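Spelled out from the first residue to the last, the chains are:
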Amino acid sequence: MKNRTEKGENRRALPKFFLTMLGSLLVGGLLGFLVGCSRVFGLDTGEIAGWLNGAIRSAMPWGIPVTTLATMGSCFFLYRSAAKKFAAWDGGDEDDVSQSVETLLSWTLLLSAVQLLLSLFFMTAIGTYQPEEGALAMVGVFVLSCGCVIFAQQKVVDLERRMNPEKHGSVYDTKFQKKWLDSCDESERRQIGEASYRAYMVTTRVCLGVWMALTVLGMVFEIGMLPVSVLLLVWGVMQVTYTLECIRLGKKGAAVR
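These figures come from a predicted structure and were not determined experimentally. (Residues numbered from 1 in each chain as written. Predicted model: local features only at pLDDT ≥ 70, side-chain atom pairs only at ≥ 80, totals over all residues. Heavy atoms only, no water.)

Trainee: Go over the nonpolar core, please, and point to the residues and values.
Mentor: Formed by Leu78, Tyr79, Ala82, Ala83, Val101, Leu104, Leu105, Val156, Leu159 and Met163, the largest nonpolar core amounts to 10 residues. When contributions to this core are tallied by element, the ones reaching two or more residues are helix H2 (45-88), helix H3 (94-129) and helix H4 (135-163). Looking at this core element by element, the count peaks at 4 residues for H2. The residues touching Ala82, leaving out its near neighbours within four places in the chain, are Val101, Leu104, Leu105 and Leu159. Formed by 7 residues, the second largest nonpolar core is a distinct cluster that contains Tyr200, Leu231, Trp235 and Met238. (Core = buried A, V, L, I, M, F, W, Y, C linked by side-chain atoms within 4.5 Å. Buried < 20%, exposed > 50% of the residue type's maximum accessible area, 1.4 Å probe, protein only. Helix = DSSP H or I, 4+ residues; strand = E, 2+ residues; numbered from the N terminus. Contact = heavy atoms within 4.5 Å.)

Trainee: Any chance you could break down the layout of surface pockets for me, citing the residues and the numbers?
Mentor: Of the volumes computed, that of the largest pocket is approximately 1900 Å³. Mapped by element, the contributors of at least two residues to the lining of the largest pocket are H3, H4, helix H5 (176-182), helix H6 (186-220) and helix H7 (226-256). The element contributing the most residues to the lining of the largest pocket is H6, with 14 residues. Tallied by class, the residues present in the lining of the largest pocket amount to 23 nonpolar, 11 polar and 15 charged. (1 Å grid on protein atoms, 1.4 Å probe; cavity = no way out; pocket = protein on both sides within 12 Å on 5 of 7 lines; lining within 4 Å. Points joined across faces, edges and corners; volume = space filled by probe spheres on them. Nonpolar A, V, L, I, M, F, W, Y, C, P; charged D, E, K, R; others polar.)

Trainee: I'd like a description of H4, backed by residues and values.
Mentor: For H4, built from 29 residues, the straight-helix expectation of 42 Å at 1.5 Å per residue is met to within 8% by its first-to-last C-alpha distance of 43 Å. Turning to H4, its buried residues are Met138, Phe142, Ser145, Cys146, Val149, Ala152, Gln154, Val156, Val157, Leu159, Glu160 and Met163. (Expected span 1.5 Å × (residues − 1).)

Trainee: A description of the pattern of salt bridges should follow, citing residues and the corresponding values.
Mentor: Enumeration according to the criterion identifies 5 salt bridges in this entry. When the shortest N-O distance is used, the salt bridge between Asp182 and Arg189 registers 3.9 Å. Its relative accessible area of 38% is what places Arg189 among the partly exposed residues. (Salt bridge = Lys/Arg side-chain N within 4 Å of Asp/Glu carboxyl O.)

Trainee: Mind laying out a nonpolar patch on the surface, listing which residues take part and the relevant values?
Mentor: Together, Trp107, Leu110 and Val114 line one region of the surface with nonpolar side chains, adding up to about 290 Å² of accessible area. Relative to the helices and strands, Trp107 is located in helix H3. (Patch = residues over 30% accessible without salt bridge, like charges linked within 9 Å, V, L, I, M, F, W, Y side chains within 5 Å. Areas by Shrake-Rupley, 256 points an atom, 1.4 Å probe, with all protein chains shown as cover.)

Just geometry here; none of it tells us what the structure is for.
Here you go:
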């Protein structure tokens, strides 16, 4: 009975699998055709690369300060809204108030994480292009931006701890994630697990898409093997870590039973 069920599921899944593979082949064929056309019509890839480099160079001096002002200003507005809602709470409708505050704080954390990525991007640009003037000032702005991100995240954690006194941990602590997870209840851990699995699946698909894009771009631009190698390294670390952690948790669960 079990074997018949497995075979039935396989038969139902096969058509979708074949359609996905066919679609991938068609997309790959179309991209290959476009690459061939670009070579036939003499696409000047050097000019395109020069334009992109010029755009990054132009954005490099003001990229970090402008994005920091925009994101940190939004973080401040969201945090203040959350703090005011919590301060005005009179003890009733706990679930509604808590959910509203949690949503605002989550958006604050998201914007701070985006700003950190933007700062890292522009810092890499500074190290790559090595501007003759203002490099030290740009590095100083980068450090200041990272400090603002950490401060915003710590304010969020402080408000979370006021809302939930059983929580503990500090962003300035290198073991913050572990301590925070240890203080979460079963429902919160399940939510973290579901969110982590969703992030794992989305990241896997994104890595596959980026690999395809880099492979096609490698036919047009001289990007070399380094970008693909780094991507596959990160992808491989994620896959191996996920699988090893599942094995570890499985053994731990078996030992508890």
